[in-house]
Protein chains: 2
Amino acid sequence: MEPASIMRRIAVDAMGTDAAPGPEVEGAILAVRERLAEVVLVGPQDVLGRELGRREARGLDIEVVHASEAVTMSEAAAKAFRRKRDSSLRVAARLVREGKADGFISAGNTGAVMATAKITLGALEGVERPALAAVFPTSKGTASVLLDVGANADCSPANLEQFAVMGEIYYRAIFGVKRPRVGLLSIGQEAHKGNDLARQTHLRLKKLPLNFIGNVEGRDLYNGRVDVTVADGFTGNVVLKASEGVAEVLSGILRDALSSTLSAKVGYVLARKALRDFKKRADYSEYGGAPLLGVRGVCIICHGRSNANAIKNAIRVAAEFAAGCVNEKIQRELAGASWGRT
Amino acid sequence: MEPASIMRRIAVDAMGTDAAPGPEVEGAILAVRERLAEVVLVGPQDVLGRELGRREARGLDIEVVHASEAVTMSEAAAKAFRRKRDSSLRVAARLVREGKADGFISAGNTGAVMATAKITLGALEGVERPALAAVFPTSKGTASVLLDVGANADCSPANLEQFAVMGEIYYRAIFGVKRPRVGLLSIGQEAHKGNDLARQTHLRLKKLPLNFIGNVEGRDLYNGRVDVTVADGFTGNVVLKASEGVAEVLSGILRDALSSTLSAKVGYVLARKALRDFKKRADYSEYGGAPLLGVRGVCIICHGRSNANAIKNAIRVAAEFAAGCVNEKIQRELAGASWGRT
């Protein structure tokens, strides 16, 4: 990974989170204070000015670009794009297209962010389908990247092959691992196990100059056996949401178990601390959102429930994405040029 | 559900679990003591005789049928079937085909059990593809059934339609719910969301006389919003294994958090109790294994790590499956007869 010697400029859709614009404004301030990037906050000028003023952000390098509308969570993606020409989301994407920002982040409606990024920025040369990559922690403390998690419900083996290449380049740039382990999500480790798509994809991945470790199973996403896992967007999205569901249910059971058995004050305090540690280690916000790989620009999509820390980390990741020349490498690889991999 | 007034006779492959035959023998004794079923234990006569003798099972209605071989976890399914004609698995399935048992259970290699059941028993009339159904608890305390979880990696909309019918009949029979909520696993609740398979299946399910609640997402499997969820076997299997992976990782994190922060003896004891409660509520063994739906007979597949309680519950479920005339109802429904649903 190159050092981010030049400060990158990241546009932040300030109206994306459920609690907008608080987390966005606070996350932007944190990012600028830690010199992770320059930030452009996009949203209603008066509201953002007030929020910045309240947080004593004077003197920080935060620009505000006005956008009069916001896309809501319930809006259909395509409709939101067409109807709201002056949405904070669309203005943020436009800043990237016009070269006024090196990348943008949004915690808004994932479908709308993807559609806006794809239409406004377009795909990189050689990329058939951009893919959304989820990043989460494993029990070994490593990061696990799964793609696609929802940009493409139906995929061809050639699509999955491109996802492998893009995911691997991203992992190298952001996590500084030289030869990340790439796996294909399937239902058994043997090459012949899986559906038609997986079997055909396996044959293609074997031929790539990647550290392809073969098929991996659902549990491998979390146990540190693999770094980059490739799946069609339907399977990837279902797996991601099921995983969140299990985590929510288990947290609830745990909370009940602790609160019903620990009546003594000491027990309650100890349990609170354990729960906090538990939440902290399982906290996805450290990873700063999901990159949309393959578009002409940098786009990081955050969870609607992102807090300021998650926004800050997404800004950091967007800056590292730009500094790591991820897109240049993807394009070089997939446009089939002969000067090979770096 | 009919009362199990006639005692059903269930064959138990005694060589399936990782700790075989201990859990099988003990589970059989529990089941017979609780008058859940008559049991036929299948495996090496001398070993099983010794195990039964040690547990003072004299006088209990447990028959032993000899089988000289056992299928191992690492054997390929088809090969295991062909080569080991006298395996405990194959002998147990044969007892069902010959009418000497009403059903069989096995905690062996899932692929081998499915292959053996499909070849030995055959499919029910009208059933294109048997499907494996996983059963697990939700945060609301209800049971959630997901099928297929691995019998068919590639599925057609017509296959998924049959899975919905079979799963619904099973749920009614085993859980006594009159109109179970049936959902289609997809990546958004709207009918148009999903891959081609999901969209086409949605249109078919809407026309069935089922309580179809539409598309459901991964997290709904665990939050009690749906009773029977339909998916292709690739997606179903990946989701199931990812869920197990998340649960394992979170349990580990929790164990670490509690052991590192609770140094006082009181804390340790309280934490132990909380962890036990937590494990108990998340314990899948209460649900007694996964039924293979659509074969001519009753076949319940248990986890290789099943304990005696899980084996006992699988025997109970197999007996209820037979008593509930699940197969007769499936056949009536799918063979397209006109006397309709009961």
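Residues numbered from 1 in each chain as written. Chains lettered and ligands numbered in written order. Predicted model: local features only at pLDDT ≥ 70, side-chain atom pairs only at ≥ 80, totals over all residues. Heavy atoms only, no water.

Focus: the sheet that holds strand β1 (residues 9–13) of chain B
All names here are of chain B.
Right, so step 1: The strand order across the open sheet built from eleven strands is β3-β2-β1-β4-β11-β10-β5-β6-β9-β7-β8, with neighbouring strands paired in mixed fashion. Strand pairing shows two members of the sheet lacking a second neighbour, β3 (62–66) and β8 (211–216), which therefore form its edges. Across the sheet, the mean angle from the axis of one strand to that of its neighbour is 25°, orientation sign disregarded. (Pairing = 2+ DSSP bridges. Helix = DSSP H or I, 4+ residues; strand = E, 2+ residues; numbered from the N terminus. Axes fitted to C-alpha atoms, helices over the stretch in contact; angles between N-to-C directions.)

Some details on the domain arrangement of chain A
All names here are of chain A.
Right, so step 1: Parsing chain A into structural domains produces domain 1 (1–127 + 294–342) and domain 2 (135–285).
Right, so step 2: Taken together, the contact pairs 23 residues of domain 1 with 16 residues of domain 2.
Right, so step 3: Counting each side, the surface lost to burial between domain 1 and domain 2 is near 1,600 Å², with a carbon and sulfur contribution of 60%.
Right, so step 4: At the junction of domain 1 with domain 2, the criterion picks out one salt bridge. (Domains from an automatic or database assignment. Contact = heavy atoms within 4.5 Å. Buried area = accessible area lost by both parts, 1.4 Å probe. Salt bridge = Lys/Arg side-chain N within 4 Å of Asp/Glu carboxyl O.)

Re the packing of helix α4 (residues 88–97) of chain B against helix α5 (residues 110–121) of chain B
All names here are of chain B.
Right, so step 1: Packing of α4 against α5 leaves a shortest axis separation of 10 Å and a crossing angle of 35°. In the packing of α4 onto α5, the handedness of the crossing is right-handed. Facing L89, R90, A93, R94, V96 and R97 of α4, the residues of α5 in contact are A112, V113, T116, T120 and L121.
Right, so step 2: Grouping the constituent residues of the contact of α4 with α5 by class yields six nonpolar, two polar and three charged. (Left-handed = near helix turned anticlockwise from the far one by under 90°. Nonpolar A, V, L, I, M, F, W, Y, C, P; charged D, E, K, R; others polar.)

Details of the packing of aromatic side chains
Residues and elements named next belong to chain A.
Right, so step 1: One pass over the structure, following the stated rule, counts six aromatic pairs over all chains.
Right, so step 2: Judged by centre distance (4.7 Å) and plane angle (45°), the rings of Y171 and F175 are tilted. One end of the pair is Y171 and the other is F175, both in helix α6 (residues 157–175) and four residues apart, which spans about a single turn.
Right, so step 3: Of the residues examined, F175 reaches a relative accessible area of 27% and is grouped as partly exposed. (Phe/Tyr/Trp six-rings, centres within 6.5 Å; stacked < 30°, edge-to-face > 60°. Buried < 20%, exposed > 50% of the residue type's maximum accessible area, 1.4 Å probe, protein only.)

Re the sheet that holds strand β11 (residues 299–301) of chain A
In a beta sheet, neighbouring strands are held together by backbone hydrogen bonds and run either parallel or antiparallel to one another.
Residues and elements named next belong to chain A.
Right, so step 1: Judged by pairing direction, the sheet is mixed, and its eleven strands sit side by side in the order β3-β2-β1-β4-β11-β10-β5-β6-β9-β7-β8 without closing on themselves. Strand pairing shows two members of the sheet lacking a second neighbour, β3 (62–66) and β8 (211–216), which therefore form its edges. Put simply, the sheet's adjacent strands are angled 25° from each other on average, direction ignored.
Right, so step 2: For strand β10 (residues 290–293) and β11, the ladder comprises two bridges, and the chain directions are antiparallel. Note on β11: the bridge partner recorded for A290 is I301.
Right, so step 3: Strands in contact with helix α5 (residues 110–121) are β4 (103–106), β5 (131–137), β10 and β11; relative to β11, the strand with the most contacts, it is inclined by about 175°.

Things to note about unusual backbone geometry
Right, so step 1: Omega for the peptide link from A20 of chain A to P21 of chain A comes to 0°, which places this bond in the cis form.
Right, so step 2: Among the secondary structure elements, P21 of chain A is positioned in the loop between β1 (9–13) and α1 (22–33).
Right, so step 3: Cis peptide bonds are those with omega within 30 degrees of zero, and the linkage from L147 of chain B to D148 of chain B qualifies with 0°.
Right, so step 4: Relative to the helices and strands, D148 of chain B is located in the loop between β6 (143–147) and α6 (157–175).
Right, so step 5: Phi at C325 of chain B takes a positive value of approximately 50°, unusual for a residue other than glycine.
Right, so step 6: Mapped onto the fold, C325 of chain B is located in the loop between α11 (308–323) and α12 (326–334).

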